[in-house]
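Single-letter residue listing:
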Amino acid sequence: MSQEPRNTEHDVPQDAPEAGPADGKREQPAEEDLAAAFVRETEVIEESIENGKKVRRKGIYLLPNLFTTSALFAGFFSVVAGINGDFTAAAVAIFIAMVLDGLDGRVARLTNTQSAFGAEYDSLSDMLSFGVAPALVAFTWILQDIGKTGWVVAFLYVACAALRLARFNVQLGSVDKKWFIGLPSPSAAAFVAASVWTFHSFDAEAFGFKLLMLFVVATAGILMVSNIRYYSFKEIDLKGPVPFVVLLAIVLGFVVISVEPSVMLLLLFGAYVASGPTLAAMRKMKHSPPLS
């Protein structure tokens, strides 16, 4: 049974637009589809072996990557500060990046959130914070006064840092954890940053200090790609009990560093840089045959 159409003043005119959701709500499903497609296409998917089975995992771990991002920010800030001529802040930022870089790996291990994405992200962050930043800070402060030799040595450091990080990534898990093969890039960056901080604080800009900075930057770069072993301190058990005197020594260390931070950090990392060649020379003398 059909119904006759009604002619009333409340009927909708024939040429009136169709009723629909106000404020553009009709387009919301399309926007949701676009957002979902963006999330899907940019999602990180990793494959790992767990209990002998291949497992696919989506997403990234937030906590350790926050520390890596903070280290990356500190490295970028060091570059900006160096360009602006604030070399003390630039050097301090490199040390902050070094602390944050040490924390992200430990946080990942403590929370069982290690991932291939985190390892690659950390390596790229290290390249900026411990490769580009120290070389650029040293160059903008004093190496640029030497001309072509200055930027060539700065590039040498950057290239050695990249090679050092690449070698470390492919050798991960295949070397003795007690030793680093070559000077670690954070220690090399700390050595260069402490040198800039110290010499700049004392307004040491004579030609002799320019040659000294050339030597510091070039030596740090070459030692990174050398086969000289450096103690990694990974065998130190931070969870186990220690004698009270150890904590007292740490407190005294902080006090000594606070007296003249730039000088003490330079002496500390200078000693670590020198420890590798010194121990290598001692081992060679120990195993060399006696002269007849």
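Residues numbered from 1 in each chain as written. Predicted model: local features only at pLDDT ≥ 70, side-chain atom pairs only at ≥ 80, totals over all residues. Heavy atoms only, no water.

Chemist: Is there a simple way to think about the overall build of the protein in this case?
Modeler: Across its full length, the protein carries 9 helices and 4 strands. A total of 292 residues make up the protein; the buried ones form 33% of that total. If you take every contact in the protein between residues at least 6 apart in sequence, the share linking residues at least 24 apart comes to 77%. Within the structure as shown, the protein displays about 19,000 Å² of accessible surface, and the carbon and sulfur contribution to it stands at 65%. (Helix = DSSP H or I, 4+ residues; strand = E, 2+ residues; numbered from the N terminus. Buried < 20%, exposed > 50% of the residue type's maximum accessible area, 1.4 Å probe, protein only. Contact = heavy atoms within 4.5 Å. Areas by Shrake-Rupley, 256 points an atom, 1.4 Å probe, with all protein chains shown as cover.)

Chemist: Mind showing me how you'd approach the pattern of salt bridges here?
Modeler: Close approach of charged atoms allows side chains of opposite charge to pair. Across all of its chains, the model carries 1 salt bridge by this definition. With a closest N to O distance of 3.7 Å, aspartate 145 and lysine 210 form a salt bridge. Of the two residues, aspartate 145 is situated in the loop between helix 4 (116-141) and helix 5 (148-171) and lysine 210 in helix 7 (residues 207-224); the sequence distance between them amounts to 65 residues. A residue is classified by how much of its surface remains accessible, and lysine 210, at 16% relative accessible area, is buried. (Salt bridge = Lys/Arg side-chain N within 4 Å of Asp/Glu carboxyl O.)

Chemist: Sorry, what's going on with helix 5 here?
Modeler: Since the α-helix advances by 3.6 residues per turn, residues separated by three or four positions end up pointing in the same direction. Compared with the 34 Å implied by 1.5 Å per residue over 24 residues, the 34 Å span of helix 5 between its first and last C-alpha is a close match. Of all the positions in helix 5, only Gly150, Val153, Ala154, Tyr157, Cys160, Ala161, Arg164, Leu165 and Arg167 are classed as buried. In this fold, the buried residues of helix 5 make contact with helix 4, strand 3 (179-181), helix 6 (185-201) and helix 7. (Expected span 1.5 Å × (residues − 1).)

Chemist: Hey, could you run me through the packing of helix 2 (residues 62-83) against helix 4 in this one?
Modeler: Each packed pair of helices is defined by two parameters, the angle between the axes and the distance between the axes. With their axes 9 Å apart at the nearest point, helix 2 and helix 4 run at an angle of 15° to one another. Judged by the angle between their axes, helix 2 and helix 4 are roughly parallel. The two elements helix 2 and helix 4 meet at a crossing, and its hand is left-handed. Residues Asn65, Thr68, Thr69, Ala71, Leu72, Gly75, Phe76, Ser78, Val79, Gly82 and Ile83 of helix 2 form the contact with helix 4, whose own contacting residues are Phe117, Gly118, Tyr121, Asp122, Ser125, Leu128, Ser129, Ala133, Leu136, Val137 and Thr140. (Axes fitted to C-alpha atoms, helices over the stretch in contact; angles between N-to-C directions. Parallel < 35°, antiparallel > 145°, perpendicular 65-115°, else oblique. Left-handed = near helix turned anticlockwise from the far one by under 90°.)

Chemist: Which parts of the structure should I look at to understand a nonpolar patch on the surface?
Modeler: The grouping of Val242, Phe244, Val245, Val246, Leu247, Leu248, Ile250, Val251, Leu252, Phe254, Val255 and Val259 at the surface amounts to a nonpolar patch, some 1,200 Å² of accessible area in total. Assignment of secondary structure puts valine 251 in helix 8 (residues 244-259). Classification of valine 251 by relative accessible area gives partly exposed; the value is 42%. (Patch = residues over 30% accessible without salt bridge, like charges linked within 9 Å, V, L, I, M, F, W, Y side chains within 5 Å.)

Chemist: How do you make sense of the environment of leucine 72 when you look at a structure like this?
Modeler: As for its placement among the helices and strands, leucine 72 is situated in helix 2. Each C-alpha atom of the pair leucine 72 and tyrosine 121 lies 9.5 Å from the other, and the pair is 49 residues apart in sequence. Those residues within four positions of leucine 72 in sequence are excluded, and the remaining contacts are Tyr121, Ser125, Leu128 and Ser129.

Chemist: I keep staring at the packing of aromatic side chains and nothing clicks. Help me out?
Modeler: For any pair of aromatic rings, the description consists of the separation of the ring centres together with the inter-plane angle of the planes. Following the criterion strictly, the structure yields 8 aromatic pairs and no others. When the ring of phenylalanine 117 is compared with that of tyrosine 121, the centres are 6.0 Å apart and the planes differ by 35°; the resulting orientation is tilted. Residue phenylalanine 117 and its partner tyrosine 121 are both found in helix 4; the two are separated by 4 residues, about one turn of the helix. Residue class for tyrosine 121 comes out partly exposed when judged on its relative accessible area of 21%. (Phe/Tyr/Trp six-rings, centres within 6.5 Å; stacked < 30°, edge-to-face > 60°.)

Chemist: Explain the UniProt feature "transmembrane region" (unreviewed entry) in the protein to me, please; I cannot follow it from the model alone.
Modeler: Residues annotated by UniProt as "transmembrane region" (unreviewed entry) correspond here to residues 60-81, 87-103, 124-143, 149-167, 179-200, 206-226, 238-257 and 263-282. For residues 87-103, helix accounts for 100% and strand for 0%, while the C-alpha atoms at its two ends are 25 Å apart. Note that residues 263-282 is 100% helix and 0% strand, and that its end C-alpha atoms are spaced 27 Å apart. (UniProt positions renumbered as here; feature names shortened; annotations may be inferred.)

Chemist: In this structure, what is going on with helix 7? I would like to understand it.
Modeler: A rise of 1.5 Å per residue sets the reference length of helix 7, with its 18 residues, at 26 Å; its end C-alpha atoms lie 26 Å apart and thus fit the reference within 8%. Buried residues of helix 7: Lys210, Met213, Leu214, Val216, Val217, Ala218, Ala220, Gly221, Leu223 and Met224, and no others. On its buried face, helix 7 sits against helix 4, helix 5, strand 3, helix 6, strand 4 (229-231) and helix 9 (261-287).

Chemist: Explain the nonpolar core here, please?
Modeler: General note: in soluble globular proteins, nonpolar side chains tend to be found buried as a group. Judged by nonpolar contacts, the single largest core of 52 residues is most densely connected at Phe95, Tyr157, Leu183, Met213, Val217 and Tyr230. Every element with two or more residues in this core is listed here: helix 2, helix 3 (87-110), helix 4, helix 5, helix 6, helix 7 and helix 9. For this core, the leading source of residues is helix 6, giving 10 residues. (Core = buried A, V, L, I, M, F, W, Y, C linked by side-chain atoms within 4.5 Å.)

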